[in-house]
Structures are given as structure tokens and as C-alpha cells.
Amino acid sequence: MRRQILVSLVLLGSAVAANKMTAPQLADLARSNPGELISAISSTFDAKELKNGTAWTGLGPDFFFATESNTQPSLFIDGSPGPAMRQFPGTLLWYVAAKIPQVGRLHSFYYLVDGIKFGGRLDVPAFDELSYQQPGVPAGVLSDKIIHTSKIYDGMKSEYWTYVPAQYNAKVPAALMVFQDGGGYILRDGSRPALNVIDNLIAQKKIPVVIAVFINPGDIAESPGTPTFNFVKAYSEKWHRTLKDSMRSTLYDTVSDRYDRFLRDEVLAEVGAKYNIRQDAYSRAITGASSGGICAFNAAWQMPEQFSRVISWIGSFTAIQWKEDVAVPDGGEDYPEKVLRESKRNVRVWLQDGCEDQENDRYGSWPLANIRMANALKLKGYDFHFSFGKGTHNSGHGAAEFPAEMTWLWRDYDPSKTSEVYVQEEAEKSKPPFRVSIVNRGTQ
């Protein structure tokens, strides 16, 4: 009966709650017009998430949580008790508004129901004001989608967008930043609000005027019979992955300079024909998540004359493309040793990962791989920062601290210079290497 009432109320909900609402809007509705709340919750959250106890929404420090339960659930945020949940009369629906004042970082939550842990998420970013559009801050212009057909990858077609800040002056060469899996960064109200961060930090003069290129992995489906198609097709069949996913792995996970040449000689040459972009590595950055993270590091490692600034989220420094191509001797899991044994590159690197990142029986351990990378960079004196949290294989942590990452990456940038020898920060020099402890196997 309670579920029937819940469904009926949802169907009768007004048009006011027809679209997804923000946490402050839901909180205001709960105070001022609770009769509309159930419809608003239904339109804001997925029914499965409500049932599984994983529904949440946040805007800055303001959060709203909702779940279904037969008895009152107790909310815990970052392991500490949160505000008491309230029940919508005649239903199984419970809800509460909450404040999480620590913005610019990752949080977690879960419920206790009858003393048993239920639902929750480990990847709940609280964005600070730099991740939102601010009054008076001029916004740049995002281009329409551009399709590029590659020669280096035998006809592969790639989508990309360019973002030109409002402060761009064609007479003054701009800095450059390239984003892998770029389509995931271009929505201002999305989970990776990079455009807002770029606008705000340029306005505050914390980063230079930077033209951003957001590029998606390519698609080889329209070039059957080419060497690239044959390789990607064989890989997809071998590992039971889609053709498009296999093309992404071939691009991003391969430890070679092929993708970097594709960027330099094709895509960035195309962008450079339209905009006045600086050519010095000092003024060029690159970033990505997961396989896009190792791709970003690989680009700077293979071509430090093109890129000297790197941000890697949950980077796949693992054996994904190991020995898939007989002409490529190394896999991503070899990068810690490459950093230790090969000549030092002049690069600045921000690494991010979480202790709940994935363990894979084919490719290896993401957390341990990133810890190994961080220690290798530290031991060789690189200018690096390692942000290690409690998250999973998810972009929430990296996105939450993206303003801090960008500020650190571009710190002390001087447009009159074309180079700088990066040195490890004194604060980092005084710290020991990273160590691990086993936290999920009892007390021993």
C-alpha cells in the first residue's frame, strides 16, 4: 500500500518538479512546499538509486540525500553521523538536507538501517565556487564538434572541441591544454566542469590565457582492412571489448609516441592554423582520467618538448596494452621503472588516485601502480604532487580538486619565459616515500 501511495503521489506531482532540482532547491521545497517534494525527488533521482540507497545531489556545500527504507535510516557522512532523516508520510521515502562545509574535496556517505550498513557512495565530490560560473567572470566560447580524419591511424575519425577564453587576443600567443575523453569535460553543469574552472582561474590570473582542446577517442569502424583496423579488431575479439573501446585503449594505453605524433602533427596542427598558440612545452599541459591519465603522462614522457605539465586522474599505469603490439616492448606497468632508469624529463606532474580503485586480474592494481609512480617521481626529484584518497575508479576526486590542481600545475607561470627547469618543492623533499598499510584484512 505504501508503495502504491508513493507511485500515486509521483504521478500527481506538479510541473514545478518536472526537471531535476539542485540540493538547495530540494531543501527549500522540503521547508516551504513538502507536498511537491516527492515529485521533485522522483524527477531528480533515479528510482534504482533511491531503492539502493545511493541517491544524492550536491551544490557547493549543500547536499540532499534520499532513500527508501522500511525503518528509519541513519545517515553517516565521512564516517560521522549526519542529520536525522525525515520520512515522507505514507511512503517508504526518507530524505534530508545536509551541509558539507569542506568543499574542493571528495566525501563519502552510507546509511545504517537496523544496525546494518546500507547503500552509500565513496565518490561524492563537493565542488568549491571555482567550479561554478561566477557573476562578472567572462565566459569563453566552446566550438561546435569538429571531426578529424587521421592519417597516422589509417582513417580513424576523432571528435574534438576547442575552448577559447574571453581574454584570448589573436595577437598574443595563448597557452594550450589538451583533455583526453574530452567530451566528458565540456558541460558546465556536468561532473567535470572544466570550462568554469578555466574561466574563473584565468579571471583571477592564477593560470594563463589557455586554449583548451577536448578530444574524444577515435573510431576506426569506417576504415576496415587497414592495419589499424585489423589490430584493433583483433584486440577487441581477443579481450571481448567493443571496437570503439579497443580503439581507445590502443590510443591511450600504448607506451609509444604514436598518439603524441597524432596530436602534434594532426589535431594540434589543425587547431594551430586557427588560433595563435604557443609552441613551447613550458606553456602546454595535458590531462586525462584512467587510460586517459596514462595517455597524458605518456605524451609528456615521449615528447617533453611538446608538453611539460600533466594531470593524471586514476591513471591506468597497468598492463592493459602490454605485449599486444610486438613492436612495443613496454606496457603501462613499466612506467615506474622507466621513470627510475631512463633519462629525466623536465615535466611537472599531479597524480590522483584512491585506495578503493580497482584490482584487475588481467591488468593489475591501480592503487599500487599509482603509489609506485609517485615514489618513482619522488626518488628521482621530479616536481610532482600525489593526491591519494579513499575513492574508487571514478573522476569525482580529481574533479573536486581540479581548481587546486590547475593552480598548482600553472603556479609561477611567466608568459615572458619559454622554459623553466622544474624542481621538487622543498615541502615534498622533506617527506618520506609513500608507504602502504593493509586496512581490510583485520588487525594484523
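Draft legend 1. Highlighting the overall build of the chain. What the chain contains, in helices and strands, is 14 helices and 19 strands. The C-alpha atoms of the chain give 24 Å as radius of gyration, which agrees with the globular expectation for 444 residues (22 Å, within 12%). The burial tally for the chain puts 53% of its 444 residues in the buried class. In the chain, the share of contacts with a sequence separation of at least 24, taken over all contacts with a separation of at least 6, comes to 72%. Summed over all atoms, the accessible surface of the chain reaches about 20,100 Å², with 53% contributed by carbon and sulfur.

Draft legend 2. Just the packing of aromatic side chains, in detail. For the structure on display, the rule yields 28 aromatic pairs. Ring plane angle 80 degrees and centroid distance 5.6 Å describe the contact between Y153 and F262, whose orientation is recorded as edge-to-face. Of this pair, Y153 sits in the loop between β10 (146-149) and β11 (157-164) while F262 sits in helix α8 (residues 258-272); the two residues are 109 residues apart in sequence, bridging distant segments of the chain. Take Y153 and F262: they sit in the same class, and that class is buried. Pairing Y185 with F214 gives two aromatic rings, centres 6.4 Å apart and planes at 35 degrees, and the pair type is tilted. With Y185 in the loop between β12 (175-180) and α5 (194-203) and F214 in strand β13 (residues 210-215), this pair connects stretches of sequence that are 29 residues apart. The burial state of Y185 is the same as that of F214; both residues are buried. Put simply, the rings of W56, F63, F65, F109, Y111 and F118 touch in pairs and so form one group of aromatic residues. Positioned above the aromatic ring of Y382 is the side chain of K344, whose terminal nitrogen or guanidinium carbon lies 5.2 Å from the ring centre. Sitting above the plane of the W301 ring, R345 keeps its charged end 3.9 Å from the centroid.

Draft legend 3. A look at the sheet that holds strand β5 (residues 86-87). Spatially, the four strands line up as an open sheet ordered β1-β2-β6-β5, and their pairing is antiparallel. Where the open sheet ends on each side, the last strands, each with one partner, are β1 (55-59) and β5. Here two bridges tie β5 to strand β6 (residues 93-99), and the two strands are oriented antiparallel to one another. Counterpart to R86 in the pairing with β6 is Y95. Strands in contact with helix α2 (residues 23-32) are β1, β2 (62-68) and β6; relative to β2, the strand with the most contacts, it is inclined by about 65 degrees. Here helix α3 (residues 37-44) sits on the sheet and contacts β2 and β6; the angle it forms with β6, its principal contact strand, is near 80 degrees.

Draft legend 4. Quick look at the environment of S43. Looking at the element boundaries, S43 is found in helix α3. Overall, S43 belongs to the partly exposed group, its relative accessible area being 22%. In this structure, the C-alpha to C-alpha distance between S43 and N19, residues 24 residues apart in sequence, is 5.9 Å.

Draft legend 5. Here's a closer look at the sheet that holds strand β7 (residues 105-113). Pairing is antiparallel in the open sheet, where four strands are placed in the order β4-β3-β7-β8. Both edges of this open sheet fall to β4 (80-81) and β8 (116-126), since each of them pairs with a single strand only. Bridge count for strand β3 (residues 74-77) against β4 is two bridges, and the pairing is antiparallel. Following the sheet pairing, I77 is matched in β4 by S80.

Draft legend 6. Expanded view of α8. The terminal C-alpha atoms of α8 lie 20 Å apart, and with 15 residues this matches the ideal 21 Å at 1.5 Å per residue to within 8%. The largest bend in α8 amounts to roughly 30 degrees and is located at R264.

Draft legend 7. Fine view of the nonpolar core. If you look at the biggest cluster of nonpolar residues, it comprises 52 residues, and the most contacted ones within it are V178, Y259, F262, L263 and F297. For this core, the element with the most residues is helix α9 (residues 291-302), which contributes seven residues. One finds I311, W313, I314 and W408 within the second-largest nonpolar core, a separate group that totals 34 residues.

Draft legend 8. Spatial organisation of the pairing of β8. Bridge analysis of β7 against β8 gives seven bridges, and the strand direction is antiparallel. Opposite Y111, over in β8, you have F118 as the bridge partner.

Draft legend 9. Structural detail: unusual backbone geometry. Despite not being glycine, H240 has its phi angle at roughly 60 degrees, a positive value. Examined against the element boundaries, H240 turns out to sit in the loop between α6 (227-239) and α7 (243-252). Take H240: its relative accessible area is 74%, and that puts it in the exposed class. Here the phi dihedral of K323 falls at roughly 60 degrees; this positive angle occurs in a residue that is not glycine. By relative accessible area, K323 is classed as exposed at 53%.

Draft legend 10. Quick peek at the packing of α5 against helix α13 (residues 402-409). Contact pair α5 / α13: the axes reach a minimum separation of 10 Å and the direction vectors enclose 45 degrees. When the axis of α5 is compared with that of α13, the two are oblique. As α5 packs across α13, the resulting crossing turns out to be right-handed. When α5 is examined against α13, the residues A194, V197, I198 and L201 are found in contact with a partner set consisting of F402, P403, M406 and T407. Its residues assigned to classes, the contact of α5 with α13 comprises seven nonpolar, one polar and no charged.

Calculation notes
Residues numbered from 1 in each chain as written. Predicted model: local features only at pLDDT ≥ 70, side-chain atom pairs only at ≥ 80, totals over all residues. Heavy atoms only, no water. Helix = DSSP H or I, 4+ residues; strand = E, 2+ residues; numbered from the N terminus. Rg over C-alpha atoms; globule rule 2.2 N^0.38 Å. Buried < 20%, exposed > 50% of the residue type's maximum accessible area, 1.4 Å probe, protein only. Contact = heavy atoms within 4.5 Å. Areas by Shrake-Rupley, 256 points an atom, 1.4 Å probe, with all protein chains shown as cover. Phe/Tyr/Trp six-rings, centres within 6.5 Å; stacked < 30°, edge-to-face > 60°. Lys NZ or Arg CZ within 6 Å of the ring centre and 35° of its normal. Pairing = 2+ DSSP bridges. Axes fitted to C-alpha atoms, helices over the stretch in contact; angles between N-to-C directions. Expected span 1.5 Å × (residues − 1). Bend = angle between axes of the 7 residues up to and from the residue. Core = buried A, V, L, I, M, F, W, Y, C linked by side-chain atoms within 4.5 Å. Parallel < 35°, antiparallel > 145°, perpendicular 65-115°, else oblique. Left-handed = near helix turned anticlockwise from the far one by under 90°. Nonpolar A, V, L, I, M, F, W, Y, C, P; charged D, E, K, R; others polar.

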